[in-house]
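Results of the structural survey
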Amino acid sequence: METILRSAEMAEIMLVPVRHHSPACALQLRKVINQWQPSAILVEGPENANHLLPVMVHAETKAPFAIYYAYHDKTKVLSEEQEHFKCYYPFLEYSPELTALREAAKGGIDAAFIDLSYGDILAASTAGKGLRKEEEKNTYNDDYLLSQNTYIEKLLEKTSLRSFDEFWEKFFEIKGLYEETDVWFSHLLTYCKLAREHTPLEILQEEGSLAREAHMAEHILQYAAAQSSEKGIKDFGELQKILVVTGGFHTPALAQHLRVKTGKKTVTSKTKQSSKVPAKNQSVYLMPYSMEAADALNGYASGMPFAGFYQRVWDYCQETQQPYLDNGAYQKAVLDLLVESGKEVRRKEGNLSTYDEICAWQMAQGLMELRSKPQPGAYELLDAALSSYVKGEYNIASDTPIRILRQLMTGEGMGTLCAQADVPPILQDFEAQCKTFRFKIQSTLESEVTLSIFSEKKHRTISSFLHRMVFLNTTFAWRVKGPNLQLKRDRNLIREIWKYKWTTAVPAALIDVSVYGATIEEAVTSLVQKQLKKDISAGEAAKLLTQVFEMNLTGQLEAVYDCVNERILHDTDFYSVADALKYLIMMDELGTLYQTELRFEDLLRRCVQKLITLLPSIIGIKEENLTACMDALKLLYRITNRANMKLAAESELYYETLETMVYGHPMDNTALNGNVPLDKQTDLHTDMRADLHAGLCGCIHGILYGSGREGAANVEFACRGYLTGTKEQLMQTAVFFRGLFYTARDLIFIGGQILELLDTFFGQVDSTEFMELLPQLRMAFAYFTPAETDKIARRAAKLHKSVQKNPQAASSPENSSSAWSKTVGEDILTRNIVLPEWYTYAKALDAYVQGQMEIEI
């Protein structure tokens with residue numbers, strides 16, 4: 001602690017350094033307050049949240065909760081982009097700042113936040129630094145500078161500890177239960193000074209720390225002068241005492257500033273003067289928060305990890321109300337979590353015994369002694385569980401015990417606010433709409449609503465509201481059934497079935513997006529406009545168009561429509577443009593039902609043209625992209641043949657591009673009419689491109705056959721090219737059939753030679769190769785219906801009726817595949833007797849297998 005004495009006419013100021021969300025800091029700080037009895041407590045925090053203090057310390061307000069700060073840069077103070085900014089200031093039950101505020105309320109002590117307002121902190125920070133970092137969740141009290149510096153790196157190396165958090169727990173958290181207040185804070189202040197000294201000045205400038213510290217120091221002195229004036233020191237005959245609680249990283253700088261102001265030390269302090277931002281563009285609210293969100297392991301940089309674990313420690317410490325008494329708080333927390341996690345592992349996997357729990361507890365105790373700790377902590381708990389609960393190697397298949405333990409150590413509680421808490425306008429709008437639609441939000445039970453969106457105008461309005469809630473990620477509602485424009489399915493359904501449920505996560509999510517508007521419609525509109533400013537792909541833009549369409553944001557449809565048009569023109573990713581085409585076709589087909597005035601013909605034409613130009617880029621695709629490519633080719637075939645689209649020119653270009661992909665150049669009709677002369681077949685085979693993926697090749701041949709541009713003979717000839725080619729080409733035959741059957745499965749029934757070619761193919765591969773090809777073959781035949789599969793099986797069996805039986809071949813197990821097929825003279829599905837040759841073959845096969853087993857032994 002640092003004590004600054006202004007003068008006999010002012011107040012005594014005590015600076016207390018803390019680490020955010022540290023139980024030891026909270027325990028020690030409470031003792032300081034009780035012993036020192038300050039007349040005022042000043043806490044690090046944006047000053048424009050002071051009006052929330054009565055709600056924060058209200059008996060009905062339960063942590064975790066957070067102060068939510070938002071700023072809309074309408075006046076372009078920060079940049080020309082007029083961006084939205086937001087951050088959180090979370091509080092847990094054991095946060096030192098919350099402890100200070102609660103103690104102040106309990107003792108009738110004045111309390112206030114003293115930092116710059118959130119907007120001014122943004123103005124004092126460099127773009128991309130501090131609270132202006134591009135992160136999903138920025139936190140106000142981000143003290144990463146306290147844990148990331150060259151000093152801590154050397155310290156960890158010296159103490160043989162793995163992380164700053166482990167170091168902190170050993171030397172500050174656990175020892176905080178044993179050391180006296182003055183000693184403990186002296187150690188903490190020393191560490192903070194050294195951490196500060198090893199942080200470059202330019203980082204402090206970029207983060208806005210210098211401006212913040214100058215402001216807090218000035219605020220402290222102004223408050224001290226005002227306190228002394230109001231209380232009247234001469235009348236009381238004693239100094240007013242002001243306790244200042246700030247993050248430990250700022251405490252040394254505040255002490256220096258105050259000494260400069262009081263004339264104890266003459267130094268110069270260069271700070272960046274922050275630009276004042278309009279208060280009307282800032283908003284501050286309290287919101288419920290969760291233990292999970294406050295856990296450092298989930299990206300919360302200013303918090304400690306394992307929020308649930310330290311909550312248990314805090315609860316045990318409250319039982320005695322004696323922070324320095326060795327009440328075994330850590331031991332109790334470790335033991336409880338070992339037992340609870342063990343019980344949960346047994347319930348899920350059933351392979352953990354009570355003896356394993358005993359071993360884990362003994363391991364935690366042993367590690368405690370080995371690491372010179374008075375009690376085992378979070379890291380002894382984890383290490384003990386890892387050694388006793390995980391059987392064998394620790395990997396994704398065996399990590400269930402550790403995952404369960406980490407979940408328990410994180411905790412799952414969520415805070416609540418008292419009835420006096422201000423409700424932001426967006427929440428009021430949500431409640432008003434729910435009342436209009438008669439949604440049951442007074443209960444946490446799950447409810448269901450069925451909407452006839454194409455016949456009832458009110459139902460369409462309700463559907464738009466629910467879609468907006470989904471777009472805002474509120475978890476309030478989810479669609480069970482109905483046409484889905486995003487997933488491009490169920491377009492035949494004319495009703496939507498939704499389920500909804502109110503939870504504390506809903507207001508938290510709405511407050512989170514309140515920076516974008518005062519109503520739900522304003523918020524979704526702002527977020528759509530934000531999306532449009534990003535460099536999104538054609539597929540993403542088309543998906544956004546479907547979302548705007550479902551949300552009934554008529555004012556944004558034209559802007560998003562233009563964005564899709566622009567992205568299609570400039571996007572060179574085949575898959576992205578293909579996705580855009582799927583979305584647009586879905587919307588075009590449902591446009592009449594939705595009664596939209598938008599027309600998609602021109603956009604579809606442009607998308608088709610762009611996709612055709614990108615077709616050559618997919619010639620050498622990877623195996624995992626085959627299905628997406630075949631879907632796109634089939635989609636193009638379908639859309640270019642739609643009579644109402646009038647895409648004759650695009651259709652011809654499409655087929656010519658497919659022919660070029662297969663043969664290297666467009667083919668004339670005489671070469672592709674199914675009657676290729678024998679003397680020209682060699683030339684046609686030579687023209688075929690070797691770099692074309694086999695599955696894509698089969699798919700294209702199927703499309704050309706279906707369009708009448710190729711005959712069955714040409715397809716059969718292409719298939720023979722794989723069968724008579726190299727071994728590598730032979731192994732690609734299964735993939736070729738997969739692509740072919742995807743677009744032209746009727747070829748196998750028309751009386752050509754496709755079935756015979758398949759039979760030839762099976763005869764050319766051995767059993768090992770067949771097993772390797774089996775997944776592709778299964779996918780190829782998955783396109784047939786059960787009746788069609790049965791028909792193929794009967795025709796395949798008939799292929800061998802005219803084959804001369806060869807019992808001698810059946811006696812040679814090495815040639816089992818070909819021998820077996822040639823010994824079958826009739827349909828095996830209808831035969832009721834065992835033929836002699838079958839018996840001879842089976843006996844020989846049995847003897848062969850037995851001999852092989854003896855060799856292995």
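Owing to the predicted nature of the structure, the values given are computational and were not obtained by experimental measurement. In every chain, residue numbers begin from 1 and rise along the written sequence. Per-residue local features are limited, in this predicted model, to residues with pLDDT of at least 70; the limit for side-chain atom pairs, both in listing and counting, is 80 or more; totals at the level of whole chains, interfaces and linings are taken over all residues. The basis for every side-chain value is the complete set of heavy atoms in the structure, and neither hydrogens nor water enter the calculation.

Some thoughts on the overall build of the chain
The helix and strand inventory of the chain stands at 39 helices and 11 strands. Burial classification: accessible surface area is computed with a 1.4 Å probe over protein chains only, and a residue below 20% of its type maximum counts as buried, one above 50% as exposed, and the rest as partly exposed. For the chain, buried positions account for 52% of its 857 residues. Whether two residues touch is decided by their heavy atoms; if any such pair falls within 4.5 Å, the residues are in contact. In the chain, once contacts between residues fewer than 6 apart in sequence are set aside, the share between residues at least 24 apart is 75%. Note on areas: Shrake-Rupley with a 1.4 Å probe; residue coverage comes only from the protein chains shown. With an accessible surface of roughly 39,700 Å², the chain has 50% of that area assigned to carbon and sulfur atoms. Think of it this way: any DSSP run of H or I at least four residues long counts as a helix, any run of E at least two long counts as a strand, and we number them from the N terminus.

A closer look at helix α27 (residues 626-640)
Take the residue count of a helix, subtract one, and multiply by 1.5 Å to get its expected span. With 15 residues, α27 extends 21 Å from end C-alpha to end C-alpha; this agrees with the ideal 21 Å at 1.5 Å per step. Residues of α27 that are buried include every one of Leu-626, Cys-629, Met-630, Ala-632, Leu-633, Leu-635, Leu-636, Ile-639 and Thr-640, and no others.

With respect to the packing of helix α15 (residues 329-348) against helix α16 (residues 354-370)
Fitted lines through C-alpha atoms serve as axes, helices being fitted only where they are in contact, and the angles separating the N-to-C directions of these axes extend from 0 to 180 degrees. Remark: α15 packs on α16, axes separated minimally by 10 Å, with the N-to-C direction vectors making an angle of 150°. Relative to α16, α15 is oriented roughly antiparallel. α15 and α16 meet at a crossing whose hand is right-handed. Contacts between α15 and α16 pair Gln-331, Val-334, Leu-335, Leu-338, Val-339, Gly-342, Lys-343 and Arg-346 from the former with Thr-354, Glu-357, Ala-360, Trp-361, Ala-364 and Gln-365 from the latter. Looking at side-chain class alone, the contact of α15 with α16 contains 7 nonpolar, 4 polar and 3 charged residues. Angles are sorted into four bins: roughly parallel if under 35 degrees, roughly antiparallel if over 145, roughly perpendicular if 65 to 115, and oblique for all others. Handedness of a crossing follows from how the near helix is turned relative to the far one, being left-handed for an anticlockwise turn of less than a right angle and right-handed for a clockwise one. In this classification, the charged set is Asp, Glu, Lys and Arg, the nonpolar set is Ala, Val, Leu, Ile, Met, Phe, Trp, Tyr, Cys and Pro, and all remaining amino acids, among them Gly, are polar.

Regarding the confidence of the model for the chain
Close inspection of predicted coordinates is inappropriate for parts of the model with low pLDDT. Of the residues in the chain, 84% have a pLDDT of 70 or more, and the chain-wide mean is 83. Every residue in residues 233-237 is under pLDDT 50, and counting partners more than four places away or in other chains gives 8 contacts. This stretch, residues 674-686, has a pLDDT under 50; its non-local contacts, to residues over four places away or in other chains, come to 16 contacts. A residue's pLDDT is the predictor's confidence in that residue, given on a scale from 0 to 100.

Remarks on a nonpolar patch on the surface
On the surface, Tyr-848, Val-849 and Met-853 cluster together into a nonpolar patch covering about 270 Å² of accessible area. If you trace the backbone, Met-853 turns up in helix α39 (residues 836-856). Patches in this entry comprise residues that are over 30% relatively accessible and not in a salt bridge; like charges within 9 Å are linked, as are nonpolar side chains (Val, Leu, Ile, Met, Phe, Trp, Tyr) within 5 Å. What makes a salt bridge here is a side-chain nitrogen of Lys or Arg within 4 Å of a carboxyl oxygen of Asp or Glu, nothing more.

Here we look at the nonpolar core
Working definition of a nonpolar core: buried Ala, Val, Leu, Ile, Met, Phe, Trp, Tyr and Cys residues. They are joined through side-chain atoms within 4.5 Å. Counting residues in hydrophobic clusters, the biggest one holds 240 residues, and the most contacted among them are Ile-67, Phe-309, Phe-430 and Phe-476. Counting 18 residues, the second-largest nonpolar core is a separate cluster that includes Ile-114, Leu-221, Val-244 and Leu-254.

Digging into helix α22 (residues 520-533)
Its 14 residues give α22 an end-to-end C-alpha distance of 20 Å, which sits within 8% of 20 Å, the value for a rise of 1.5 Å per residue. All of the buried residues in α22 are Ile-520, Ala-523, Val-524, Thr-525, Ser-526, Leu-527 and Val-528. In this structure, the buried side of α22 is in contact with α19 (425-436), α20 (457-471), α23 (538-550) and α24 (554-570).

Some details on the sheet that holds strand β11 (residues 496-500)
Two modes of strand pairing occur in sheets, parallel and antiparallel, and in both the strands are linked by backbone hydrogen bonds. Between any two strands, pairing holds if DSSP finds at least two bridges. The strand order across the open sheet formed by 3 strands is β9-β11-β10, and the pairing between neighbours is antiparallel. Every interior strand has two partners, whereas the edge strands, β9 (447-451) and β10 (477-481), have only one. Neighbouring strand axes in the sheet, compared pairwise and without regard to direction, differ in orientation by 30° on average. Pairing of β9 with β11 involves 5 bridges; the strand directions are antiparallel. Along β11, the bridge assignment pairs Glu-448 with Lys-499.

Side note on the pairing of strand β2 (residues 11-18)
Counted residue by residue, β2 has 7 buried out of 8 residues, so it is predominantly covered. As paired strands, β2 and strand β7 (residues 240-247) are joined by 8 bridges and run parallel to one another. If you follow Ala-11 over to β7, its bridge partner there is Gln-240.

Some thoughts on the packing of aromatic side chains
In summary, the pairing rule links any two rings of Phe, Tyr or Trp, Trp by its six-membered ring, whose centres are within 6.5 Å, and it sorts them by plane angle into stacked for under 30 degrees, edge-to-face for over 60 and tilted for everything else. Taken as a whole and assessed by the stated rule, the structure comprises 44 aromatic pairs. Between Tyr-69 and Tyr-118 the ring centres are 5.9 Å apart and the planes differ by 35°, which places this aromatic pair in the tilted class. Within this pair, whereas Tyr-69 is found in strand β4 (residues 65-72), its partner Tyr-118 is found in helix α4 (residues 118-124), the two being separated by 49 residues in sequence. Using a relative accessible area of 1% as the deciding quantity, one classes Tyr-118 as buried. Seen in terms of ring centroids, Phe-309 and Tyr-330 are 6.0 Å apart; in terms of plane orientation they differ by 55°. Their pairing is tilted. Residue Phe-309 is found in helix α14 (residues 307-320), and its partner Tyr-330 is found in helix α15; the two are separated by 21 residues along the sequence. Clustering of aromatic rings is evident, with ring pairs tying together Tyr-151, Phe-164, Phe-167, Trp-168, Phe-171, Phe-172, Trp-184, Phe-185 and Tyr-191.

Here's the deal with the sheet that holds strand β8 (residues 282-288)
On the basis of which strands lie adjacent, the open sheet formed by 3 strands has the order β5-β4-β8 and antiparallel pairing. With partners counted over all chains shown, the strands left at the sheet margins are β5 (84-91) and β8, one partner each. On average, each strand axis in the sheet is tilted by 20° relative to the strand beside it, whichever way the strands run. Here β4 runs beside β5; their pairing, made up of 8 bridges, is antiparallel.

Notes on the pattern of salt bridges
The full count for this structure, using the stated rule, is 32 salt bridges. The salt bridge partner of Lys-86 is Asp-512, with a shortest N-O separation of 3.3 Å. Taken as a pair, Lys-86 in strand β5 and Asp-512 in helix α21 (residues 505-512) lie far apart in primary sequence, 426 residues in all. Using a relative accessible area of 17% as the deciding quantity, one classes Lys-86 as buried. Two residues, Glu-652 and Arg-709, come together in a salt bridge whose shortest N-O distance is 3.2 Å. With a gap of 57 residues between them, Glu-652 in helix α28 (residues 648-663) and Arg-709 in the loop between α30 (694-706) and α31 (712-723) connect regions that are remote in the sequence. The exposure class assigned to Glu-652 is partly exposed, which follows from its relative accessible area of 34%. Of the residues examined, Arg-709 reaches a relative accessible area of 13% and is grouped as buried.

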